[in-house]
Amino acid sequence: NAGVTQTPKFQVLKTGQSMTLQCAQDMNHEYMSWYRQDPGMGLRLIHYSVGAGITDQGEVPNGYNVSRSTTEDFPLRLLSAAPSQTSVYFCASSYRLGTEAFFGQGTRLTVV
Amino acid sequence: ILNVEQSPQSLHVQEGDSTNFTCSFPSSNFYALHWYRWETAKSPEALFVMTLNGDEKKKGRISATLNTKEGYSYLYIKGSQPEDSATYLCAFPGNQFYFGTGTSLTVIP
């Protein structure tokens, strides 16, 4: 099984550019989520989804968009990148909320 | 937003020492408590998913206990080894996953 596949691993953007971070899982998990990791702040939830067609905001949603058109995919869109979005991003999935979470490899994003 | 707190924030121990750290979480509406191990430059990986008050789980030299009535869990590492160096996260699933900020453990050879 591939588990949770997150791409790209590294990305450099210019301020104002947009991009999509891809996340796919092949475990038929209902729950998927995006986090950002900043020094001293742990994992902060950006957006999450409890199933196809259902998304909701987490703690730090501003500047990010998500959709969940299929069970497998949960892309994260940066609409207009800002230096404050420089971070490491993790996608995670679990069978349902409350069960073990599986994480993607992470994306190190730098906005210049 | 629910408050999940971990202490201490960081810990340095000598190889062979035993150590423990704490996760505190809301005691109401308890469903589960997770522990994850997060090595530098890798992704978090689950250690334990705990659901029952009084539960104790063990994986090798690492064990965890759970008290849902008072809202805390302890993670213990017996005879720490350098490969145990990592950040240990706890997570509380409410309407979403709430992660603590982690305890960073460094084991000095």
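Structure's up top.
Here the structure is a predicted model, which is why all the values come from computation and not from measurement. (Residues numbered from 1 in each chain as written. Chains lettered and ligands numbered in written order. Predicted model: local features only at pLDDT ≥ 70, side-chain atom pairs only at ≥ 80, totals over all residues. Heavy atoms only, no water.)

**Some details on the layout of surface pockets**
So, step 1. Estimated volume of the largest pocket: approximately 650 Å³.
So, step 2. Listing elements by their share of the lining of the largest pocket, those giving two or more residues are β9 (87-94) and β11 (107-111) of chain A together with β9 (86-93) and β11 (103-108) of chain B.
So, step 3. The element best represented in the lining of the largest pocket is β9 of chain B, accounting for three residues.
So, step 4. In terms of residue class, the lining of the largest pocket is built from nine nonpolar, 14 polar and five charged. (1 Å grid on protein atoms, 1.4 Å probe; cavity = no way out; pocket = protein on both sides within 12 Å on 5 of 7 lines; lining within 4 Å. Points joined across faces, edges and corners; volume = space filled by probe spheres on them. Helix = DSSP H or I, 4+ residues; strand = E, 2+ residues; numbered from the N terminus. Nonpolar A, V, L, I, M, F, W, Y, C, P; charged D, E, K, R; others polar.)

**Examining the interface of chain A and chain B**
So, step 1. At the junction of the two partners, chain A supplies 23 residues and chain B supplies 19 residues.
So, step 2. Summed over both sides, the interface of chain A with chain B buries roughly 1,600 Å², with 64% coming from carbon and sulfur.
So, step 3. The tally of links from chain A across to chain B stands at five residue pairs in polar contact (both at pLDDT 80 or more).
So, step 4. When residues of the side of chain A that touches chain B are traced back to their parent elements, those giving at least two are β4 (31-37), β5 (43-51) and β9 of chain A.
So, step 5. Grouping the constituent residues of the side of chain A that touches chain B by class yields 10 nonpolar, 10 polar and three charged. (Contact = heavy atoms within 4.5 Å. Buried area = accessible area lost by both parts, 1.4 Å probe. Polar contact = N/O pair within 3.5 Å; in protein donor to acceptor, adjacent residues only side chain to side chain.)

**Examining the pattern of salt bridges**
So, step 1. Following the criterion strictly, the structure yields four salt bridges over all chains and no others.
So, step 2. Residue Asp-38 of chain A is joined to Arg-44 of chain A by a salt bridge in which the shortest nitrogen-to-oxygen separation is 2.8 Å. With respect to burial, Asp-38 of chain A and Arg-44 of chain A carry one shared label: buried.
So, step 3. The partner of Glu-39 of chain B in a salt bridge is Arg-37 of chain B, and the shortest N-O contact between them spans 3.7 Å.
So, step 4. Glu-39 of chain B gets classed as partly exposed once you look at its relative accessible area, which sits at 28%.
So, step 5. Among the ionic contacts, a cluster of salt bridges with common partners joins Arg-36, Asp-38 and Arg-44 of chain A. (Salt bridge = Lys/Arg side-chain N within 4 Å of Asp/Glu carboxyl O. Buried < 20%, exposed > 50% of the residue type's maximum accessible area, 1.4 Å probe, protein only.)

**So, the environment of Ala-2 of chain A**
So, step 1. Checked against the element boundaries, Ala-2 of chain A lands in the segment before β1 (4-7).
So, step 2. Separated by 25 residues in sequence, Ala-2 of chain A and Met-27 of chain A place their C-alpha atoms 8.6 Å apart.

**Describing the nonpolar core**
So, step 1. Leu-33, Trp-35, Phe-48, Leu-75 and Tyr-88 of chain B are the most contacted members of the largest nonpolar core, which totals 23 residues.
So, step 2. With four residues, the top contributor of residues to this core is β9 of chain B.
So, step 3. Look past the residues within four positions of Tyr-88 of chain B in its chain and what remains in contact with it is Gln-6, Phe-21, Trp-35, Tyr-36, Arg-37, Leu-47, Ile-62, Leu-75, Ile-77, Gly-102, Thr-103 and Leu-105 of chain B.
So, step 4. Counting 19 residues, the second largest nonpolar core, distinct from the first, contains Leu-13, Tyr-64, Phe-74 and Val-111 of chain A. (Core = buried A, V, L, I, M, F, W, Y, C linked by side-chain atoms within 4.5 Å.)

**Topic: the sheet that holds strand β7 (residues 64-66) of chain A**
Residues and elements named next belong to chain A.
So, step 1. Taken in spatial order, the four strands line up as β1-β3-β8-β7 in an open sheet, and their pairing is antiparallel. The two strands at the open ends of the sheet, each matched to only one other strand, are β1 and β7. For this sheet, the mean angle separating the axes of adjacent strands, direction not counted, is 15 degrees.
So, step 2. Relative to strand β8 (residues 76-78), strand β3 (residues 19-25) runs antiparallel, the two sharing three bridges. Opposite Leu-21, over in β8, you have Leu-76 as the bridge partner. (Pairing = 2+ DSSP bridges. Axes fitted to C-alpha atoms, helices over the stretch in contact; angles between N-to-C directions.)

**Here we look at the sheet that holds strand β1 (residues 5-7) of chain B**
Residues and elements named next belong to chain B.
So, step 1. Ordered in space as β1-β3-β8-β7-β6, the five strands form an open sheet in which the pairing is antiparallel. The strands lining the two open edges of the sheet, one partner per strand, are β1 and β6 (56-59). Each adjacent strand pair in this sheet contributes to an overall mean axis angle of 15 degrees, direction not counted.
So, step 2. Pairing of strand β3 (residues 19-24) with strand β8 (residues 72-77), which is carried by six bridges, proceeds in the antiparallel orientation. Looking at the pairing, Ser-24 lines up with Tyr-72 of β8.

**Notes on the environment of Gly-100 of chain B**
All names here are of chain B.
So, step 1. Tracing the backbone shows Gly-100 in the loop between β10 (97-99) and β11.
So, step 2. On the accessibility criterion, Gly-100 (0% relative accessible area) is buried.
So, step 3. Taking C-alpha positions, Gly-100 is 5.8 Å from Gln-6, a pair spaced 94 residues apart along the chain.

**Comments concerning the environment of Phe-97 of chain B**
So, step 1. Within the secondary structure, Phe-97 of chain B sits in strand β10.
So, step 2. A C-alpha to C-alpha distance of 9.9 Å links Phe-97 of chain B and Leu-33 of chain B, two positions 64 residues apart in sequence.
So, step 3. Apart from residues lying up to four places away in sequence, Phe-97 of chain B is in contact with Tyr-31, Tyr-35, Ser-94, Leu-97, Gly-98, Thr-99 and Ala-101 of chain A together with His-34, Tyr-36, Ala-91 and Phe-92 of chain B.

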